[in-house]
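Structure at a glance
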Amino acid sequence: MSEQPIYRRVLLKLSGEALMGEGCQGIDPAILAEMVSEISAITALGVQVAMVIGGGNYCRGASLAEVGVGRVTGDQMGMLATVMNAIAMRDALQQSGLSARVMSAFKISKVCDEYTTHDAITALEQGEVVLFAAGTGNPFFTTDTAACLRGIEVEADVVMKATKVDGIYSADPLSDPDATKISRITYDEVLEKQLGVMDLTAIVLCRAHNMPLRVFNMMRAGGLRGAVVNEEEGTQVVPL
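Summary of the structure given here. (Residues numbered from 1 in each chain as written. Predicted model: local features only at pLDDT ≥ 70, side-chain atom pairs only at ≥ 80, totals over all residues. Heavy atoms only, no water.)

1. Considerations on the sheet that holds strand β5 (residues 129-133)
To keep things clear, this is the line we draw: In this analysis, strands are considered paired if DSSP registers two or more bridges between them. Numbering of helices and strands runs from the N terminus, with a helix taken as a DSSP run of H or I at least four residues long and a strand as a DSSP run of E at least two residues long.
Here 9 strands make up an open sheet; going across it, the order is β4-β3-β5-β2-β1-β6-β10-β11-β9 and the pairing mixed. In the strand order of this sheet, the two ends are held by β4 (113-114) and β9 (184-186), each with one partner. Pairing of strand β6 (residues 158-163) with strand β10 (residues 213-217), which is carried by 5 bridges, proceeds in the parallel orientation. If you follow M160 over to β10, its bridge partner there is R214.

Printed below as a string of structure tokens:
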């Protein structure tokens, strides 16, 4: 396999749930360390890394709404959960020797910087890992949508969605033994087949701005590096 990266700048989308490991809430230090190792491996290749981490390991706005918490309040709580995950990842990256910063969609200056596109691009060009927290700063938008938005804004070459499987399948591979892996697919096909790769807003946003998406397995050792240097790794979602 070639060691030459395919991409110069990537937007990496991680789920908050992935940080839990086998736990039911919070962050598993071993999982966090594994993710830091994966990220370090691609920065060593010269790839600029921006990140969005979900907050589902602490709370989800939609779920809280089901038990009586207002949707706007629940989503705001979810945004704060993404800040907690981002600052944990920042510190873990820094302890590994990487330069990293967190930029929030709303003001929380005692904890992290406020997001601006210019400052984010400058930091990426200087070799910092930049973590975007607090989603879009607005309720009703998922962190998948935030990841696609930030990827477009900072002119990433691709949005990389980390999952527990090695790409997109024709059906759920965990429940359907006949499910087949799809190596390459268009956004129109994703929408037509209702594959549930990301939420509708995120998919339409990427399609409208010609932003490629790559779905890959980050839980496998070397999965992120493989997706950065090997076009056959995972599934590519392309505008056309």
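Once the structure has been displayed, the description carries forward.
2. Focus: the side chain of Q236
As a reminder, the rule being used: Distance and chemistry together define a polar contact, namely a pair of N or O atoms within 3.5 Å, with one atom able to donate a hydrogen and the other to accept it when in protein, and with adjacent residues in sequence counting only for side-chain atoms on both sides.
One can find Q236 in strand β11 (residues 235-238). From its side chain, Q236 meets the backbone oxygen of E231 in a polar contact 3.1 Å long.

3. Considering the pairing of strand β1 (residues 9-14)
Definition in use: A 1.4 Å probe rolled over the protein chains alone gives each residue an accessible area, and that area as a share of the maximum for its type sets the label: buried under 20%, exposed over 50%, partly exposed in between.
Among the 6 residues in β1, 6 count as buried, and that is most of the element. Of the two faces of β1, the one carrying R9, L11 and K13 and the one carrying V10, L12 and L14 are both buried. Pairing geometry for β1 and strand β2 (residues 48-53), over 6 bridges, is parallel. Residue pairing across strands places L14 opposite I53, the latter belonging to β2. Two elements, β1 and β6, share 4 bridges in a ladder whose sense is parallel. Across the sheet, the residue bridging to L11 is V159, located in β6.

4. Describing the side chain of D144
Residue position: D144 is located in helix α5 (residues 143-153). By relative accessible area, D144 is classed as buried at 12%.

5. Quick look at the nonpolar core
Basically, it comes down to this: Here, nonpolar core means buried Ala, Val, Leu, Ile, Met, Phe, Trp, Tyr and Cys residues that are tied together by side-chain atoms lying within 4.5 Å of each other. Note on contacts: a residue pair qualifies if any of its non-hydrogen atoms lie within 4.5 Å across the two residues.
Counting 38 residues, the largest nonpolar core has L12, I39, M51 and M89 as its most contacted members. Those elements that place two or more of their residues in this core are β1, α1 (29-43), β2, α3 (71-95), β3 (100-104), β5, β6 and α8 (223-229). In this view, M89 contacts L14, L32, M35, V36, I39, M51, I53 and L131; residues no more than four positions away in its chain are not counted. V154, I185, Y187 and V197 belong to the second-largest nonpolar core, a separate cluster that totals 30 residues.

6. What about helix α7 (residues 200-208)?
In an α-helix, one turn spans 3.6 residues, which is why side chains three or four residues apart end up on the same side. How we decide: It is the directions from the helix axis to the C-beta atoms whose arc is reported.
What α7 keeps buried is the set A202, I203 and C206. End-on, the buried residues of α7 take up no more than an arc of 95 degrees, which puts them together on one face. Every exposed residue of α7 that faces more than 90 degrees away from the buried side is listed here: L200 and A208. Along its buried surface, α7 packs onto α5, α6 (187-193) and β10. Capping the start of α7 is the job of one residue whose side-chain oxygen sits 3.0 Å from the backbone nitrogen of T201: D199. The first or second residue beyond α7 is N210, which carries a positive phi of 55 degrees.

7. Focus: the state of the cysteines
For clarity, the cut-off: Count a disulfide wherever a pair of cysteine sulfur atoms falls within 2.5 Å.
Overall, the coordinates contain 0 disulfides when judged by the stated rule. Sulfur of C148: no disulfide; nearest cysteine sulfur belongs to C206 and is 3.2 Å away. Among the residues examined, C148 registers a relative accessible area of 0% and is labelled buried.

8. Side note on the packing of aromatic side chains
Inclusion rule: Side-chain rings of Phe, Tyr and Trp, where Trp is taken by its six-membered ring, are said to pair if the distance between their centres is within 6.5 Å; with planes under 30 degrees apart they count as stacked, over 60 as edge-to-face, and otherwise as tilted. The rule is short: NZ of Lys or CZ of Arg within 6 Å of the ring centre and within 35 degrees of the ring normal puts a charge over the ring.
Tallied over the full model, the rule gives 1 aromatic pair. Where Y115 meets F132, the ring centres are 5.3 Å apart and the plane angle is 90 degrees; that geometry is what we call edge-to-face. Of the two residues, Y115 is situated in the loop between β4 and α4 (117-125) and F132 in strand β5; the sequence distance between them amounts to 17 residues. Stacked on the ring of Y115, the Lys or Arg R150 has its end atom at 3.9 Å from the ring centre.

9. So, unusual backbone geometry
The backbone of F140 shows a phi angle near 75 degrees, a positive value even though the residue is not glycine. When you line up the elements, F140 lands in the loop between β5 and α5. Of the residues examined, F140 reaches a relative accessible area of 52% and is grouped as exposed. Phi angles above zero are rare outside glycine, and E155 is one such case at about 60 degrees.

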